[in-house]
Amino acid sequence: MQTEQANRTAVPSQLPQAIEPRNPGMPLDMDWVRGAQANRSAIERRTASLPGRRSVKKEFQAAWLCRAISCIDLTTLAGDDTEGRVRRLCAKAKQPVRPDLLEALGMQGLTTGAICVYHDMVPAAVTALKGSGIPVAAVSTGFPAGLSPFHLRLAEIGESVAAGAAEIDIVISRRHVLTGNWQALYDEMKAFRAACGEAHVKAILATGELGSLRNVARASLVCMMAGADFIKTSTGKESVNATLPVSLVMIRAIRDYYERTGIRVGYKPAGGISKAKDSLVYLSLIKEELGDRWLRPDLFRFGASSLLGDIERQLEHYVTGAYSASWRHAAG
Ligand SMILES: O=C[C@H](O)COP(=O)(O)O
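Residues numbered from 1 in each chain as written. Predicted model: local features only at pLDDT ≥ 70, side-chain atom pairs only at ≥ 80, totals over all residues.

Student: Help me understand the overall build of the protein chain, please; the structure alone is not making it clear to me.
Tutor: Helix and strand counts for the protein chain come out as 14 helices and 8 strands. The globule rule puts the C-alpha radius of gyration for 332 residues at 20 Å, and the 19 Å found for the protein chain is close to it. Its C-alpha atoms give the protein chain principal-axis dimensions of roughly 55 × 45 × 35 Å. Scored against the burial criterion, the 332 residues of the protein chain give a buried share of 49%. Sequence-distant contacts, at least 24 apart, represent 78% of the contacts inside the protein chain between residues at least 6 apart. (Helix = DSSP H or I, 4+ residues; strand = E, 2+ residues; numbered from the N terminus. Rg over C-alpha atoms; globule rule 2.2 N^0.38 Å. Buried ≥ 20, exposed ≤ 12 C-beta atoms within 10 Å, placed from the backbone. Contact = placed C-beta atoms within 7 Å.)

Here it is as structure tokens:
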């Protein structure tokens, strides 16, 4: 997003719909997996400079923030979730920004990319979003630890799909990565993908628990080879969630997979992304490393429970010149 041309990229409501074909996967290629490396100091140098750069000019920031909204998986994953909370969140997903602000921005039809909930909340979300075209994503497979019996993890996917979830966010078994058992990770991911049927599957790597960036690179490749439609950093429950270095490693694995197979896999950083300015940094990283095609909700999502509120505040400031109190944008 360094050039004026880049800054002028159309806002989401003006984009033609593009739906990427699903990733069919491929046989496990151990030479490719073993060859994947990650040079931590080079990666950290590359990402350290990103937040300081003024990547989006002020007059285009509002359009980019609206783009970020269209890519949010608006999430609630709390033990005290209720149907009422989920209904309120769905109302926010359908109308993420106050109508007067949207009108002032010349925008219409803006929604979040999806709603993301636990299985028990899927029916309430499906009902609340009926007719909106906004998909419901369910976290699954014993989220967040992924340590329940394997047959129950598969059954959980099936139940969420039957309840109407169009996207399933599975968690991988971290131990398969930590012990270098790539075949087991591949087989697990392939079984999860099969259980999803038509529902798109996002593979949560829980990168904060994988030990090294090299493991992140290898796990990313294995999950893509096994048919993941998206790879996702974190559950939001690890002590370290989405970071820019981890994102760079995963994004480059996606680029590598695309260059070798012609298949575009989506990317979802999740956990701890709550500031509008951080969302712009992520968008600029995606744009620089993968290009414009990935800056649409079918290939990019933020997993976030509180990012939308800050973006709405920034948009209000852009329109009115004044910040409102954060409690006015409580949901999301
Ligand atoms: O997948 C989404 C994450 O759980 C959301 O994490 P967050 O609450 O830190 O935004």
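Student: In this structure, what is going on with the sheet that holds strand β6 (residues 230-232)? I would like to understand it.
Tutor: What links the strands of a sheet is backbone hydrogen bonding, and the strands pair in either a parallel or an antiparallel sense. Pairing is parallel across the open sheet formed by 8 strands, whose spatial order is β7-β6-β5-β4-β3-β2-β1-β8. Here the strands that pair on one side only, and so sit at the sheet edges, are β7 (266-268) and β8 (302-304). Here the average twist between neighbouring strands, direction ignored, is 25°. Sitting on the sheet, helix α10 (residues 182-196) touches β4 (167-171) and β5 (200-204), and the angle it makes with β5 is about 150°. (Pairing = 2+ DSSP bridges. Axes fitted to C-alpha atoms, helices over the stretch in contact; angles between N-to-C directions.)

Student: Help me out: how do you make sense of the pairing of β4 in this one?
Tutor: Consecutive residues of a regular strand have side chains that alternate between opposite faces of the sheet. Burial runs high along β4: 5 of the 5 residues are buried. Taken together, the 3 bridges between strand β3 (residues 136-139) and β4 define a ladder with parallel strand orientation. Within β4, the position partnered with A138 by the bridge is I168. In this fold, β3 hands off to helix α8 (residues 150-162), which returns the chain to β4; that crossover is right-handed. Of the strand pairs in this sheet, β4 and β5 are connected by 5 bridges, and their pairing is parallel. Residue pairing for β5: I170 is matched across the bridge by A203. (Right-handed = clockwise from strand over helix to strand, strands pointing away.)

Student: Can you help me understand the site of the ligand in this one?
Tutor: Around the ligand sit T75, L77, C116, T235, G236, A270, G271, G272, G303, A304, S305 and S306, and those are all the residues in its vicinity. Classifying every residue of the shell around the ligand gives 4 nonpolar, 8 polar and no charged. (Near = placed C-beta within 6 Å. Nonpolar A, V, L, I, M, F, W, Y, C, P; charged D, E, K, R; others polar.)

Honestly, it's all geometry; don't read function into it.
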